[in-house]
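Fold and contact review
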Amino acid sequence: MLKTIVLMLMAVTAGTVGDLLLAKGMKELGDLSTMNLRGIMEVALRAMTEWKIVVGTAMLALFFFLWLAVLSWEDLSVALPLQALNYVLVALLAKYLLHEQVSPLRWAGIILVCIGVMLITKSSTADKKETA
């Protein structure tokens, strides 16, 4: 289980950093919903050379390969809830790095998700002890 937790923490961190970089990079490139097709194509070409988007995409690729590794040995019912830790990191980093507002209700939801992850992790450990 320790191997799973360590790799999932690495994966979640990579995914969170990737998401933040993509969000910051796209906000700097502009709101696509207000653009015509030509504007969208121009932004798409600029996005391919924008370092935040390139590094963000690489971090999400790293997340994907770490996720595949975890799935090769861990039950999906254990691994997938660990991905929910992404909510905590995204909220914290979005608040402090992107200066987004995170409401108390959203924090309460994140706390409930964390409690759920802890319960699932504990149940997985208990399940493995019972079968041993």
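Look up a bit, the structure's there.
Description of the structure in this document. In this text, all values refer to a predicted model and were calculated from it rather than measured experimentally.

Per the counting criterion, the structure on display carries two salt bridges. Across the pair K52 and E28 runs a salt bridge, and its minimum N-O distance is 2.5 Å. Taken as a pair, K52 in helix α3 (residues 51-71) and E28 in helix α1 (residues 2-29) lie far apart in primary sequence, 24 residues in all. Taking the relative accessible area as the measure of exposure, E28 reaches 42% and is therefore partly exposed.

As a further point, take helix α4 (residues 76-83). Where α4 is concerned, the buried positions are V78, A79, P81 and L82. Around the axis of α4, the buried residues are gathered within 165 degrees of arc, so they sit on the same side.

In contact at an axis separation of 7 Å, α1 and α3 are set at 155 degrees when each is read in the N-to-C sense. Relative to α3, the element α1 lies roughly antiparallel. At the point where α1 passes α3, the crossing takes the left-handed sense. Looking at the contact of α1 with α3 residue by residue, the classes come out as 22 nonpolar, six polar and four charged.

The subject of this paragraph is the packing of aromatic side chains. What the rule picks out here adds up to two aromatic pairs. Between F63 and W67 the ring centres are 6.5 Å apart and the planes differ by 10 degrees, which places this aromatic pair in the stacked class. With F63 and W67 both in helix α3 and four residues apart, this pair spans about one turn of that helix. Each of the two residues, F63 as well as W67, counts as buried. With centroids separated by 5.4 Å and ring planes inclined at 70 degrees, the aromatic side chains of F64 and F65 adopt a geometry described as edge-to-face. For F65, a relative accessible area of 55% puts it in the exposed group.

Procedures and definitions
- Residues numbered from 1 in each chain as written.
- Predicted model: local features only at pLDDT ≥ 70, side-chain atom pairs only at ≥ 80, totals over all residues.
- Heavy atoms only, no water.
- Salt bridge = Lys/Arg side-chain N within 4 Å of Asp/Glu carboxyl O.
- Helix = DSSP H or I, 4+ residues; strand = E, 2+ residues; numbered from the N terminus.
- Buried < 20%, exposed > 50% of the residue type's maximum accessible area, 1.4 Å probe, protein only.
- Arc of directions from axis to C-beta.
- Axes fitted to C-alpha atoms, helices over the stretch in contact; angles between N-to-C directions.
- Parallel < 35°, antiparallel > 145°, perpendicular 65-115°, else oblique.
- Left-handed = near helix turned anticlockwise from the far one by under 90°.
- Nonpolar A, V, L, I, M, F, W, Y, C, P; charged D, E, K, R; others polar.
- Phe/Tyr/Trp six-rings, centres within 6.5 Å; stacked < 30°, edge-to-face > 60°.

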